[in-house]
Structure formats: structure tokens, C-alpha cells
Amino acid sequence: MHRMVLAPLTAIGLTPPEFVALAAELGCDGVALNPGLFTAIDMGGPVYRLDTDAAMRRATARALADHGVTLDLIDSLLVVEGFSLADNEAVMDVYGELG
């Protein structure tokens, strides 16, 4: 059976907890969340940084648990020349905590 996962570009402007709730309402099994690392790119809505916003991170974890939705993908973490895992370790740790 295939899993249905909602991508963040489908609902720009929602907070991560609102996005998780929408995914559950639509019958999705999981979500992809954007770490918000590309603040220089206008995505048409606010940017939420779960690695630096502990309250939003807790609310997102609570939404995932309450709705039975899993975090399936970290969307838009580019690994390009010069990428350093050490420089992105905090982001990876946060998303590891979420699922």
C-alpha cells in the first residue's frame, strides 16, 4: 500500500501544526516539512524555523502525535558543493526528534 504525504508547497502560509492538521483532514499518512533555511527565497508566505523556535517545535510535535501523522521528509535541505553536515546538525537533530 502506498503512503500519501502532503508537501509544504501545497499549503504556503499555514503554520507547521496547521499543516499537519490539514494533512490529517485530507487523509494523508505523513507530511514533508520545510526547515525554512532559504529565507532569501520568497515562497509567498511566512517562513517557520522549527530549529530556532522551540514553542513552534513543541506545537508541531503535539500536532503530529494528536493527528497520527508522521514526518516523512525534510523538504528543501539542499546538499550542494560546500554543504557541511556539521553546519546543519541542529536542523537535522530537530527533525530527527520530530520523526
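Our structure is the block above this text.
Residues numbered from 1 in each chain as written. Predicted model: local features only at pLDDT ≥ 70, side-chain atom pairs only at ≥ 80, totals over all residues. Heavy atoms only, no water.

Colleague: Would you mind going over the overall build of the protein with me for this structure?
Modeller: Along the protein, the regular secondary structure elements total three helices and three strands. Traced from its N-terminal end to its C-terminal end, the protein shows the element sequence β-α-β-α-β-α. Here the C-alpha radius of gyration of the protein, 13 Å, is about what a compact globule of 99 residues would show, namely 13 Å. The principal-axis extents of the C-alpha atoms in the protein amount to approximately 40 × 30 × 30 Å. Per-residue burial for the protein yields a buried fraction of 31% across its 99 residues. Contacts in the protein between residues at least 24 apart in sequence constitute 70% of all its contacts with a sequence separation of at least 6. When the accessible surface of the protein is totalled, it reaches about 6100 Å², and 56% of it is carbon and sulfur. Charged side chains of the protein number 5 positive and 14 negative; the gap between the two group centres comes to 7 Å. (Helix = DSSP H or I, 4+ residues; strand = E, 2+ residues; numbered from the N terminus. Rg over C-alpha atoms; globule rule 2.2 N^0.38 Å. Buried < 20%, exposed > 50% of the residue type's maximum accessible area, 1.4 Å probe, protein only. Contact = heavy atoms within 4.5 Å. Areas by Shrake-Rupley, 256 points an atom, 1.4 Å probe, with all protein chains shown as cover. Lys, Arg positive; Asp, Glu negative; His and termini not counted. Charge placed at Lys NZ, Arg CZ, Asp CG, Glu CD.)

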